[in-house]
Amino acid sequence: AQKITQTQPGMFVQEKEAVTLDCTYDTSDPSYGLFWYKQPSSGEMIFLIYQGSYDQQNATEGRYSLNFQKARKSANLVISASQLGDSAMYFCAMRRANQAGTALIFGKGTTLSVSS
Amino acid sequence: NAGVTQTPKFQVLKTGQSMTLQCAQDMNHNSMYWYRQDPGMGLRLIYYSASEGTTDKGEVPNGYNVSRLNKREFSLRLESAAPSQTSVYFCASSEYEINQPQHFGDGTRLSIL
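Everything quoted here is computed from the prediction, not taken from an experiment.

This brings us to the interface of chain A and chain B. Contact with chain A, which involves 23 residues of that partner, is made by 22 residues of chain B. Of the roughly 1,700 Å² buried where chain A meets chain B, counting both sides, 61% is carbon and sulfur surface. At the boundary of chain A and chain B, one finds zero salt bridges. The tally of links between chain A and chain B comes to eight residue pairs in polar contact (both at pLDDT 80 or more). At the level of elements, strand 5 (32-39), strand 6 (46-52), strand 10 (88-96) and strand 11 (104-106) of chain A are the ones that each hand at least two residues to the side of chain A that touches chain B. Per-element tally for the side of chain A that touches chain B: the top contributor is strand 5 of chain A, with five residues. Partitioning the side of chain A that touches chain B into residue classes produces twelve nonpolar, seven polar and four charged.

With that settled, the discussion passes to unusual backbone geometry. Across the junction of Thr7 of chain B and Pro8 of chain B, the peptide omega takes the value -10°, indicating a cis bond. Mapped onto the elements, Pro8 of chain B comes out in the loop between strand 1 (4-7) and strand 2 (10-13). At Lys16 of chain A, a residue that is not glycine, the phi angle is positive and equals roughly 75°. Notably, Ala81 of chain A is not glycine yet its phi reads approximately 45°, a positive angle. When you line up the elements, Ala81 of chain A lands in the loop between strand 9 (74-79) and strand 10. When its relative accessible area of 37% is taken as the criterion, Ala81 of chain A is described as partly exposed.

On to the layout of surface pockets, then. By volume, the largest pocket amounts to about 480 Å³. Residue lining of the largest pocket: 26 residues in total, with Gln39 and Gly43 of chain A together with Gln37, Val88 and Arg109 of chain B positioned closest to the centre. Where the lining of the largest pocket is concerned, the elements lending two or more residues are strand 10 of chain A together with strand 4 (31-38), strand 9 (87-94) and strand 11 (108-112) of chain B. Per-element accounting of the lining of the largest pocket gives the leading share, four residues, to strand 11 of chain B.

On to the sheet that holds strand 1 of chain B. All names here are of chain B. Taken in spatial order, the four strands make up an open sheet running 1-3-8-7, and their pairing is antiparallel. One side of each edge strand has no neighbouring strand; the edge strands of this open sheet are strand 1 and strand 7 (64-68). Pairwise comparison of adjacent strand axes, ignoring direction, gives a mean angle of 15° for this sheet. Where strand 3 (residues 19-25) lies against strand 8 (residues 74-78), three bridges are found, and the strand directions are antiparallel. Of the residues in strand 8, the one forming a bridge with Leu21 is Leu76.

Next up on the list: the pattern of salt bridges. Residue and element names in this part refer to chain B. According to the stated counting rule, one finds five salt bridges over all chains in the structure shown. Across the pair Arg36 and Asp38 runs a salt bridge, and its minimum N-O distance is 3.0 Å. Look at Arg36 and you get buried, because its relative accessible area is 8%. The exposure class assigned to Asp38 is buried, which follows from its relative accessible area of 11%. Between Asp38 and Arg44 there is a salt bridge, with its nearest N and O atoms 2.8 Å apart.

The rules we used
- Positions within a chain are numbered from 1, following the residues in the order the chain's sequence is written.
- In the order they appear in the text, chains get letters beginning with A and ligands get numbers beginning with 1.
- Restriction of local features to residues with pLDDT of at least 70 applies here, the model being predicted, together with a cutoff of 80 or more for giving and counting side-chain atom pairs; totals for whole chains, interfaces and linings are based on all residues.
- Here the side-chain values reflect all heavy atoms present in the structure, with hydrogen atoms and water set aside.
- The contact criterion used is simple: two residues touch if any of their non-hydrogen atoms lie within 4.5 Å.
- The buried area of a pairing is the accessible area, by a 1.4 Å probe, that goes missing from both parts when the two are put together, added over both.
- The term salt bridge refers to a pairing of a side-chain nitrogen on Lys or Arg with a carboxyl oxygen on Asp or Glu at a separation within 4 Å.
- Here a polar contact means two N or O atoms within 3.5 Å. Within protein one must be a hydrogen donor candidate and the other an acceptor candidate, and residues neighboring in sequence count only if both atoms are side-chain atoms.
- The secondary structure listing takes helices from DSSP runs of H or I that are at least 4 residues long and strands from runs of E that are at least 2 residues long, numbered from the N terminus.
- Polar here means any residue other than Ala, Val, Leu, Ile, Met, Phe, Trp, Tyr, Cys and Pro, which are nonpolar, and Asp, Glu, Lys and Arg, which are charged; Gly is therefore polar.
- We call a residue buried when its accessible area falls under 20% of the maximum for its residue type, exposed when it is over 50%, and partly exposed in between, using a 1.4 Å probe and counting protein chains only.
- Buriedness for pockets is judged along seven lines, at least five of which must meet protein on both sides within 12 Å for an open set on the 1 Å grid over protein atoms alone, while cavities are sets there where a 1.4 Å probe fits but cannot get out, and lining residues have an atom within 4 Å of a point.
- Grid points are joined across faces, edges and corners, and a volume is the space filled by probe spheres set on the points.
- What makes two strands pair is DSSP finding at least two bridges between them.
- Every angle, taken between N-to-C directions, lies between 0 and 180 degrees, and every axis is a line fitted to C-alpha atoms, over only the stretch in contact when it is a helix.

Set out below in structure tokens:
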């Protein structure tokens, strides 16, 4: 069955440090997309970064980068130089071709707390 | 630049009451989705509409119905609300291709007493 696993319920980091949020996925489809979303305490879902299964390079978006290890089926989010505003829930999600209108399958999320 | 708009933002219902959650997007996306978010569960797909004129069940469709009114609007109806439907409901839209992110509304927080 297709599944996203986020094993870290909570992570704590100090400002300006880097942090890695773990995500593993399970699919037998060769074509899929992996996404990370941020959900601050205000509740909205904010798209951060995307990685395609056929992409040769790891995705980067500003302070966000994705450590994509296809053989291990992992897609970890790396946040460099953490800021207080990074405190939020982070969700890893997957879209697969030919599945449920390519809806997202979500992990259960990781709560990140950034302290000064 | 509204994106995805959901109404209402908050609602309290009594068991057995019905209501419709409204969603509209202005990004000309073909696909629209309804998810629910429960504590510790992440988001789960209720129904989706891959394109105007089509709707299909997702992972947790029981107790819900949907209508894709036109390309912009996708509504979710609870016919007879149950306490188990207390949740935060998100509407999202996107293009169909898997490399396109879904854009979410701000959510509707629904409590069933």
